[in-house]
Amino acid sequence: MINTFVHSQPNHEGFFGDFGGSFIPEQLQAIIDEITQAYQAIRQDPEFLAELARLYKHFVGRPSPIFHAQNLSMKYGADIYLKREDLNHTGAHKINHCLGEALLAKKMGKAKLIAETGAGQHGVALATAAALVGLKCDIYMGEVDIAKEYPNVVRMRILGAKVIPATHGRKTLKEAVDAAFDAYMTDPVSQFYAIGSVVGPHPFPMMVRDFQSIIGNEAREQFLQMEGCLPDNLVACVGGGSNAVGLFTAFLKDEAVAMHGIEPGGRTLNEPGEHAATLTLGTPGVMHGFKSYMLQDDEGEPGQVYSVASGLDYPSVGPQHAYLKELGRVNYDTISDDEAIEAFFELSRQEGIIPAIESAHAVAYAIKLAKHGEDGSILLNLSGRGDKDIDFVVANYGEKFGIDDIT
Ligand SMILES: *Cc1c(COP(=O)(O)O)cnc(C)c1O
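- The protein has the name Tryptophan synthase beta chain in an unreviewed UniProt entry, where Corallincola holothuriorum is given as its organism.
- According to the UniProt record, the Cofactor (unreviewed entry) comment for the protein is "pyridoxal 5'-phosphate".
- Quoted verbatim from the Pathway (unreviewed entry) heading of the UniProt record, the comment on the protein is "Amino-acid biosynthesis; L-tryptophan biosynthesis; L-tryptophan from chorismate: step 5/5."

Brief notes about helix 2 (residues 46–60)
Here's step 1: Taking 1.5 Å of rise per residue, the 15 residues of helix 2 would be expected to cover 21 Å, and the 20 Å separating its terminal C-alpha atoms lies within 8% of that figure.
Here's step 2: For helix 2, the full list of buried residues reads Phe-48, Leu-52, Leu-55, Tyr-56 and Val-60. Seen end-on, helix 2 carries its buried residues on one side only, within an arc spanning 100°. Exposed side chains of helix 2 directed beyond 90 degrees from the buried face belong to Pro-46, Glu-47, Lys-57 and His-58.
Here's step 3: Buried residues along helix 2 sit in contact with helix 1 (26–42), helix 4 (95–107), helix 5 (121–133), helix 9 (204–212) and helix 10 (214–227).
Here's step 4: For helix 2, the side-chain oxygen to backbone nitrogen distance between the N-cap and Glu-47 is 2.9 Å, and the N-cap itself is Asp-45.
Here's step 5: At the C-terminal side of helix 2, Gly-61 shows a positive phi close to 95°.

Digging into the side chain of Asp-313
Here's step 1: For Asp-313, the location among the structural elements is in the loop between strand 12 (290–294) and helix 13 (319–327).
Here's step 2: Although buried, Asp-313 forms no salt bridge, and the nearest oppositely charged side chain, Lys-148, lies 6.1 Å from it.
Here's step 3: Setting aside residues up to four positions removed in sequence, Asp-313 forms contacts with Thr-172, Leu-173, Ala-276, Val-305, Tyr-306 and Ser-307.

The rules behind these values
Residues numbered from 1 in each chain as written. Predicted model: local features only at pLDDT ≥ 70, side-chain atom pairs only at ≥ 80, totals over all residues. Heavy atoms only, no water. UniProt positions renumbered as here; feature names shortened; annotations may be inferred. Helix = DSSP H or I, 4+ residues; strand = E, 2+ residues; numbered from the N terminus. Expected span 1.5 Å × (residues − 1). Buried < 20%, exposed > 50% of the residue type's maximum accessible area, 1.4 Å probe, protein only. Arc of directions from axis to C-beta. Contact = heavy atoms within 4.5 Å. Polar contact = N/O pair within 3.5 Å; in protein donor to acceptor, adjacent residues only side chain to side chain. Lys, Arg positive; Asp, Glu negative; His and termini not counted. Salt bridge = Lys/Arg side-chain N within 4 Å of Asp/Glu carboxyl O.

Shown next as C-alpha cells:
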C-alpha cells in the first residue's frame, strides 16, 4: 500500500513524482529560488503563522462551517455535506492563498502584486489582500472574462487595483496567464507574481497548497466532531486544483476516504476546445513553467479549452493532481456545462444556497454519486458563492428554469 501522505511533499526540485519542477528562463530562476527560500523560512516562523491565523479568523471569517444539506440528502438518498468556502470574505477559497502570498511578498520587500484571473475571483481576492497589507496590484484578465464577470472588475478597481485586459487568442484565462507572465518578466524584482492556483513553477504548487490546506484541516476536525467519523467521499471541482487539494491534503492518509476531483466537461468531451478535462483527456507535457497533464494542440502548444465556469477553463492542472492520478489515490471525472447549471439551480432551490458555477460541478457530481447508490456520506467543497454568476446564468439559462420574465 502506498502511503500517499508521505508523498505529498515535493522533492527539493519541486517534483511530485514525475510532475512539477521549474521550467522557466534561467534569469528568472534566481528570483524564484529567493521566493522558495523566503517561503521555507516563513512557513516555520511562529510570527508569520500567527499573523496568518489572525487574518483567517478575523478578516476571512474562518473557520468556515460544514453544513449538512438535509433536503438534498433526503431527495437523493445519501448524506451530503457542504464545506462552506462560499462564506469566506470575498466569496471563495482564493482569499486563503492570496493572504499568504501577500504577506510573503510584503515580507520580501516587494512593491507590487501581479496576477492573472479567470472568473475574477482570484483578482478580487488578491486586490483585497493587496489593499490590506499595503501593496500595489495589477490584474490581467481576458477580454471575454472582463465582459462576463464585470462586477468583479468593478470590485478590483474599487479596491485600488489596475485591471489590464488580455486581448489575444480566446481572450480568457490562458491568455491572461500569458500577459501576466510577460509583464512579470519586465520586472521580476519589485513585482511578486501571486499565482492563483496550485500551478506554475516550484514553489507555487506546494506553497498555494499549504495555504489552502486550512480547508481540509478544518473540515476533518469539524466532521469528526459532528459525526464521530470521517466522511466516506470528498468531492471538489478542479480548475488549477487549489480548492480540491486544499480539501484533500488532510485526508490523504485516510485510506477509507474516497476522493473525487471534478473537471469541466464543457459542451462535449468529443471535441478539443469544447471542454477543459485536463486529467481525463490530457497528456503529460510542460507549460507555464511546470510539468503536468495538459491539453495540447497538434504542435504541442497549450490547446484551446472551454467551460461555462470561467475559473475552470485552464489547459493544464496542478502537478500534485497529476501525481495523485497516477497513484490512483484520487478519482478524476467530469461534469458537463448542462449538469453544472442543473446543479446550480438544484442547490439554490433545495438548500437556499446559490453556488459559483465552478462549485456547481462538485454539487452535480455529489448528486450523481448519491443517485448511483453511493450510500456513504459525501463532503463536497463549496468553493465559492454564485453572486458573480447570476446575470450570466439568467441571461443564458433563465428561461429553461422558469425565469423568463425579468426585464
Ligand atoms: C477559481 C475558482 C475555482 C477553480 O480554482 P481551483 O484552483 O481549481 O480551486 C473553483 N471555484 C471557485 C469558486 C473559484 O473561484
